[in-house]
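Spelled out from the first residue to the last, the chains are:
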Amino acid sequence: MPIGEWFNKQKKPTPNNPSLEKRAVPDGVWEKCKGCNEPVYIKGLEKNHKVCPKCDYHFPFSAQERVNHLTDPGTFDELWADLSPEDPLHFVADKAYIDSLDIARDKTGLNDAVVCGTGQVNGRQVAVGAMDFGFIGGSMGSVVGEKITRLIELATDDRLPLIITSSSGGARMQEGMISLMQMAKTSAAVARFNKSGMPYIAILANPTTGGVTASFASLADIIIAEPNALIGFAGPRVIEQTIRQKLPKGFQTAEFNLSHGMIDMIVNRLEMKQIVARLLDYLEPKGVAQ
Amino acid sequence: MPIGEWFNKQKKPTPNNPSLEKRAVPDGVWEKCKGCNEPVYIKGLEKNHKVCPKCDYHFPFSAQERVNHLTDPGTFDELWADLSPEDPLHFVADKAYIDSLDIARDKTGLNDAVVCGTGQVNGRQVAVGAMDFGFIGGSMGSVVGEKITRLIELATDDRLPLIITSSSGGARMQEGMISLMQMAKTSAAVARFNKSGMPYIAILANPTTGGVTASFASLADIIIAEPNALIGFAGPRVIEQTIRQKLPKGFQTAEFNLSHGMIDMIVNRLEMKQIVARLLDYLEPKGVAQ
Amino acid sequence: MKRFAYDFERPLVELETKLDELKRLESADKQDIAFQIKYLEDQIQKLRVRTYSKLTPWQKVQLARHPERPRTADYIEAIFTDFIELHGDRIYRDDPAIIGGFARLGDTRVMVVGHQKGRNTKENVFRNFGMPHPEGYRKARRLMRLANKFKLPFITFVDTQGAYPGIEAEERGQATAIAEDLLELSALAVPVIVAVIGEGGSGGALAIGFGDRIIMLENSYYSVITPEGCASILWDGGDGADRAAEVLGLTADNLLKLGIIDIIVKEPLGGAHHGPALVARDLKRELEKSLKELGRVDLAELVEKRYSKLRNVGFYHQETGLAKTLNLNTLTSE
Amino acid sequence: MKRFAYDFERPLVELETKLDELKRLESADKQDIAFQIKYLEDQIQKLRVRTYSKLTPWQKVQLARHPERPRTADYIEAIFTDFIELHGDRIYRDDPAIIGGFARLGDTRVMVVGHQKGRNTKENVFRNFGMPHPEGYRKARRLMRLANKFKLPFITFVDTQGAYPGIEAEERGQATAIAEDLLELSALAVPVIVAVIGEGGSGGALAIGFGDRIIMLENSYYSVITPEGCASILWDGGDGADRAAEVLGLTADNLLKLGIIDIIVKEPLGGAHHGPALVARDLKRELEKSLKELGRVDLAELVEKRYSKLRNVGFYHQETGLAKTLNLNTLTSE
Ligand SMILES: [Zn+2]
Ligand SMILES: [Zn+2]
């Protein structure tokens, strides 16, 4: 009984108010599902943790939604929320980096692409971080690297289990090499964390690619992915351009990564907290055979 | 300049007395080379460390020849030569195990398929072992497992570099599960040796397969193979029977293993001692930056 | 539906089929039928005992391979709770021929790993008949390291004819992968308990097949080489596997005598598939007992003891001057 | 034979060709020819200075990729003695895009690892243009561990456009392989010195591209993304690589100012291929100097210092109440 099958047995959530489903209504009340192309009632979607009740498609979750979803209500304490990016390269292309930052800030209400803090999972204290793809494609610059590193260090020092949900296009181009070095910085923090004997669970959400997959996100004890999430190093477009051929169907999906041995399991968002809690039960260093 | 190329540049040994080469002479003076199908003058062959002067084919080396070849003259002290096999299963098939042992003893002058001891390589003290394919196909039973384990333990305790040349068809069927367990036993000894920080160099000679490849022979810091040596887990015949097709040319050769990442280098027997000595220079734990 | 039967089981199956027919027969003479049934049942019981109580090694090998024999996943389901399967070697592929994950044995959290055969042809193709590729052994090693890191006892189920002997398996380093498992397993600083539940074929079994306790089901086998492999070397052909099974000493009985294994769990007459729940219950009891005993030992000491145990496996003698030293430790100690 | 030249080098090459022709000319008026040669040589010298002394970032990127530029193997040959190449990841394949092995720098025994490009088309196909697959990064990790075990300083040569973006590379875990190198390299308890000799492309370079000292050749580049990749995102097309090179701040100069790298080694006018021996000599001097400095530091302290160095890379500010804390460490310290 692979865990996947076990979940398949679980009840599928039924749509809220199914009779209303196909009615045409103003924008903002319904949203078209990218999985089944059907309109989905937004309030119902919210209640269902943004998982399509018809086809299980996982709508994007913001970082705040993720930490709320994973932690017990009222237990999440955000840390370093006021850490904000600089513009070390004075980067200007079609758009200035500082303008991109302003737009992203307005759009997400965040200062950068990650939310970090502590909270409880079924009563157990953990260090938890979540990336926000809405903030410049969840890219990792100085602030993301710094906050992830601080979170790992906090987990190391306070001996807390570490849980990080990734969703990122990779390193943030606009901070140049400073961004690239965040890969080494966060990985180095994981190397130190590993010595603490505490567990690290990575959750990979759609999409996780580039410098995030190639650093802390792939270095966990247990790696979970959401169904259908795109996970890989190079982006599909880059690969297609390089090899000059179409990519096979299902390439770089969570399922692809599972069969190629890169992740431990695929877990539906509706079951995510439960499986994380069960895993933590196993991973707490209580010592052998009480 | 891969090391292989470097060696190619070295002078090829020229045949001794080339004018005599094709003369028909009585058995025992000439031997037909399996590499080039030409007759080779045996005395010349001996002087050339049993490497065909025409085609570089490596004739089988006995265990004693190997340790003599690797160590400085007069420095090899054999250990546990009197360790002899029992017949725990009272194994009788077409031939009784005890008879096979007698034949092997008479043929090789050894009590079992490995020679172990200490010696010097260019003046450096090492623990050295060599398997003898002539003794029941170099198979690993209790005595081989025990002597290899003792050698590894000696290297651990006395902080000696460890050098083992393998040539074996695998575990010795005639001792049943006791043979199989020698794989675990020798591997466990390597696990402990590894903590000593001393180097282990494995040399794989033709053929090294089965339980020897799948235990201590593959667990070295540096793995060297002789040219063209057959190296693998399953024997070619077993694989052909399983997959019901002919094996590709060059399958399981040393060259195949090199390109598939399983060994560090292929070294001609004539250069073996020199390269081992050079490697030992690097692997002695002297500490950083003099 | 025709039941699967080996040659030596045929007479028994024929009687059982007759009995089934008899029971379905609608006859006037109910008393006569009842008598015949009773008679047949007695006969069957006697024949069953005669068929299964003195199995030859080869017959045991056959039972060990029986298509209905419970597999690793069945025992995991029956013995443990809260199993969470983990996947992948983080290198190349998730090998379905080896499964593993977290599980609870009573209150004790453990890591379970085992060879996994299929229950039918389709599953067997997927599981490669329980014959792992290097990635399976590398997955096992990853789980060993996880177990070690989180101090979870490591429990394995052995059920393979051997590591897969194929071109790709060789290309990807079958030998290296197995050797690295042996090294890793020997040094795990947690209790290691092995249950041989079906086939224990060669290095491919040993890679996850030794530890602080080795338990064998009565009709499983553990061997340096498959009987067929041995026969093809000794008698140059596929025949003679029965004789090979004899000389290889691969039965649980024999291996207990040799000191290679520690515990035998009985099976119902006819094999584990005649009473899977019973076998699972007894196996669970033995696992719990071993776990309890090993749980008392300091972890460093555990590793030392495992090494001594391995260290002592071997039959040889040494003539030093006039004295003759015999190592027969595996027969006497343990 | 026509010399390879980038657009910006063409005028210079044309003059040089003219000079060559002139020199070959058999003329009656030797004095006139000599005068013309002298004149042309002056012109060439002036133009060379003008062409190469104020290179744009994009021109530097082009020089970094110059087909005649010395590669890792060339520097290994020129700088070290007694190189013994080691092969393989012990898992899947020996990746020719990364080479490595033991070598001596003066009297010091070290481990050297680097990306390896080919010198011609055939070699480049074999070396995959210096773009590694996961097995290359896994080979590098094996060599890191060997270096750590035997306490050999770890010296790397960075010269790749990036990790290969292909189907098989993704299948075999390109991201995981790189991540594991980053983790391993960060914790190596030996001195780690990096020399960026050509292209430092993204994560594929970083996997063996950070340490206690980072040295860059003057015309090498080190970038979060290739200029072409950046351009295709920013301006939706392959064009604009020159502008991208500008905004990415990928030159040695700039990275020294940012505190990302530590040392710049000068190149002759026109690039390293105009004087490989000279560049090798200077690079060797810097490697020896770094090694000497790092050799004095206790190994545990070395790892701590490396971590602090990484730890400080980042530009951000934090508003706590009224105070504003700026992290600009990489600009000021180091
Ligand atoms: Zn849908
Ligand atoms: Zn020859």
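The shown structure was predicted, so the numbers you read here are calculated from the model rather than taken from an experiment.

## Points about the side chain of D:Ser290
Residue and element names in this part refer to chain D.
And step 1. Topologically, Ser290 is positioned in helix 13 (residues 276-295).
And step 2. On the basis of relative accessible area, Ser290 is assigned to the buried category, the value being 2%.
And step 3. If near-sequence neighbours (up to four positions away) are discounted, Ser290 is found in contact with Ile193, Arg213, Ile215 and Ile263.

## Some thoughts on the coordination of the zinc ion (ligand 2)
All names here are of chain B.
And step 1. Bound to the zinc ion (ligand 2) on the protein side are Cys33 (SG), Cys36 (SG), Cys52 (SG) and Cys55 (SG), at distances that span 2.2 to 2.4 Å.
And step 2. Taken together, the four donor atoms coordinating the zinc ion (ligand 2) and their angles of 104 to 114 degrees define a geometry best described as tetrahedral.
And step 3. Sequence spacing of the donor residues for the zinc ion (ligand 2), all on one chain, is C-x2-C-x15-C-x2-C.
And step 4. The class of Cys33 is buried, set by a relative accessible area of 1%.
And step 5. Judged by its relative accessible area of 24%, Cys36 falls in the partly exposed class.

## Observations regarding the coordination of the zinc ion (ligand 1)
Residues and elements named next belong to chain A.
And step 1. The protein atoms that coordinate the zinc ion (ligand 1) are Cys33 (SG), Cys36 (SG), Cys52 (SG) and Cys55 (SG), at distances spanning 2.2 to 2.3 Å.
And step 2. For the zinc ion (ligand 1), the four donor atoms are set out with angles of 103 to 116 degrees between them, so the coordination reads as tetrahedral.
And step 3. Donor residues binding the zinc ion (ligand 1) come from one chain and are separated in sequence as C-x2-C-x15-C-x2-C.

## A closer look at the pairing of strand 3 (residues 108-115) of chain C
All names here are of chain C.
And step 1. Most of strand 3 is tucked away: eight of the eight residues are buried.
And step 2. Alternating positions in strand 3 separate into two faces, Thr108, Val110, Val112 and Gly114 on one and Arg109, Met111, Val113 and His115 on the other, with burial throughout.
And step 3. As judged from the eight bridges shared by strand 2 (residues 98-105) and strand 3, these two strands associate in the antiparallel manner. Across the sheet, Ile98 pairs through a bridge with His115, a residue of strand 3.
And step 4. Hairpin connection, strand 2 to strand 3: the antiparallel pair is bridged by two residues, and Gly106 has positive phi, about 60 degrees.
And step 5. Across four bridges, the pairing between strand 3 and strand 4 (residues 154-160) is parallel.

## Side note on helix 1 (residues 10-24) of chain D
Think of an α-helix as turning once every 3.6 residues; residues three or four places apart then point the same way.
All names here are of chain D.
And step 1. Between its terminal C-alpha atoms helix 1 stretches 21 Å, which fits the 21 Å expected from 15 residues at 1.5 Å a residue.
And step 2. All of the buried residues along helix 1 are Leu12, Val13, Leu15, Glu16, Leu19 and Leu22.
And step 3. In this structure, the buried side of helix 1 is in contact with helix 2 (30-52).

## Observations concerning the interface of chain A and chain C
A common way to report how large an interface is uses the accessible area buried once the components associate.
And step 1. Tallying the contact residues gives 31 residues for chain A and 34 residues for chain C.
And step 2. Interface area for chain A against chain C, summed over the two sides, is near 2,700 Å², with a carbon-plus-sulfur share of 56%.
And step 3. Linking chain A with chain C are four salt bridges, by the criterion used here.
And step 4. The shortest N-O distance in the salt bridge between C:Arg142 and A:Asp264 comes to 2.4 Å.
And step 5. There are 18 residue pairs in polar contact (both at pLDDT 80 or more) connecting chain A and chain C.
And step 6. Elements supplying a minimum of two residues to the side of chain A that touches chain C: strand 9 (222-225), helix 9 (254-259) and helix 10 (269-283) of chain A.

## Regarding the nonpolar core
And step 1. Among the nonpolar cores identified, the biggest contains 284 residues, and A:Ile224, A:Val276, B:Ile224, B:Val276, C:Phe154 and D:Phe154 are the most heavily contacted of them.
And step 2. Excluding residues that lie within four positions of it along the chain, A:Val276 makes contacts with A:Leu70, A:Val121, A:Ile163, A:Ile201, A:Ile203 and A:Ile224.

## Focus on the sheet that holds strand 3 (residues 77-79) of chain B
Residue and element names in this part refer to chain B.
And step 1. One open sheet accounts for seven strands, arranged 3-5-6-7-8-9-10; its pairing is mixed. Pairing within the sheet leaves two strands with one partner each, and these edge strands are strand 3 and strand 10 (265-266).
And step 2. Where strand 8 (residues 200-208) lies against strand 9 (residues 222-225), four bridges are found, and the strand directions are parallel. When the sheet's bridge partners are listed, Ile201 is paired in strand 9 with Ile222.

## Structural notes on the interface of chain A and chain D
And step 1. Across the contact, 58 residues belong to chain A and 54 residues belong to chain D.
And step 2. The contact between chain A and chain D buries some 4,800 Å² in all, and 68% of this surface belongs to carbon and sulfur atoms.
And step 3. The largest per-residue losses of area from chain A upon contact with chain D belong to A:Met173, A:Met177 and A:Phe233, which jointly make up 15% of the total buried on that side.
And step 4. Taken together, chain A and chain D are joined by three salt bridges.
And step 5. Linking D:Glu304 and A:Arg192 is a salt bridge whose minimum nitrogen-to-oxygen distance equals 3.1 Å.
And step 6. Here chain A is connected to chain D by 17 residue pairs in polar contact (both at pLDDT 80 or more).
And step 7. Contributions of two or more residues to the side of chain A that touches chain D are made by strand 4 (83-85), helix 5 (142-158), helix 6 (176-194) and helix 8 (236-243) of chain A.

## Quick look at helix 6 (residues 134-149) of chain C
And step 1. Taking 1.5 Å per residue, 16 residues should reach 22 Å; helix 6 of chain C reaches 23 Å between its end C-alpha atoms and fits that length.
And step 2. Counting buried positions over the 16 residues of helix 6 of chain C gives 13, a clear majority of the element.

## Here's the deal with the pattern of salt bridges
And step 1. One pass over the full model with this rule turns up 90 salt bridges over all chains.
And step 2. A salt bridge links B:Arg124 to B:Asp281; the nearest nitrogen and oxygen atoms lie 2.4 Å apart. A residue pair is termed long-range when its members are at least 10 positions apart, and B:Arg124 in strand 6 (residues 124-131) and B:Asp281 in helix 10 (residues 269-283) qualify at 157 residues.
And step 3. Because the salt bridges share partners, they merge into one network encompassing C:Arg65, C:Arg71, C:Lys117, C:Asp159, C:Glu199 and C:Glu228.

## Some words on the environment of C:Met216
Residues and elements named next belong to chain C.
And step 1. In this fold, Met216 is placed in strand 6 (residues 213-217).
And step 2. Measuring from C-alpha to C-alpha, the distance between Met216 and Leu256 comes to 9.0 Å, with 40 residues separating the pair along the chain.
And step 3. Beyond its immediate sequence surroundings of up to four residues, Met216 is in contact with Val196, Tyr221, Tyr222, Leu250, Thr251, Ala252, Leu255, Ile261, Ile263, Ile264 and Val265.

## Here we look at the sheet that holds strand 7 (residues 162-168) of chain A
Residue and element names in this part refer to chain A.
And step 1. The strand order 3-5-6-7-8-9-10 describes an open sheet built from seven strands, whose pairing is mixed. With partners counted over all chains shown, the strands left at the sheet margins are strand 3 (77-79) and strand 10 (265-266), one partner each.
And step 2. Against the sheet, helix 5 engages strand 3, strand 5 (114-121), strand 6 (124-131) and strand 7, with an angle of about 25 degrees to strand 5.

About the criteria used
- Residues numbered from 1 in each chain as written.
- Chains lettered and ligands numbered in written order.
- Predicted model: local features only at pLDDT ≥ 70, side-chain atom pairs only at ≥ 80, totals over all residues.
- Heavy atoms only, no water.
- Helix = DSSP H or I, 4+ residues; strand = E, 2+ residues; numbered from the N terminus.
- Buried < 20%, exposed > 50% of the residue type's maximum accessible area, 1.4 Å probe, protein only.
- Contact = heavy atoms within 4.5 Å.
- Donors = N, O, S within 2.8 Å, 3.2 Å for Na, K, Ca; no water.
- Tetrahedral: all angles 85-135°; square planar, octahedral: opposite > 155°, others 65-115°.
- Pairing = 2+ DSSP bridges.
- Expected span 1.5 Å × (residues − 1).
- Buried area = accessible area lost by both parts, 1.4 Å probe.
- Salt bridge = Lys/Arg side-chain N within 4 Å of Asp/Glu carboxyl O.
- Polar contact = N/O pair within 3.5 Å; in protein donor to acceptor, adjacent residues only side chain to side chain.
- Core = buried A, V, L, I, M, F, W, Y, C linked by side-chain atoms within 4.5 Å.
- Axes fitted to C-alpha atoms, helices over the stretch in contact; angles between N-to-C directions.

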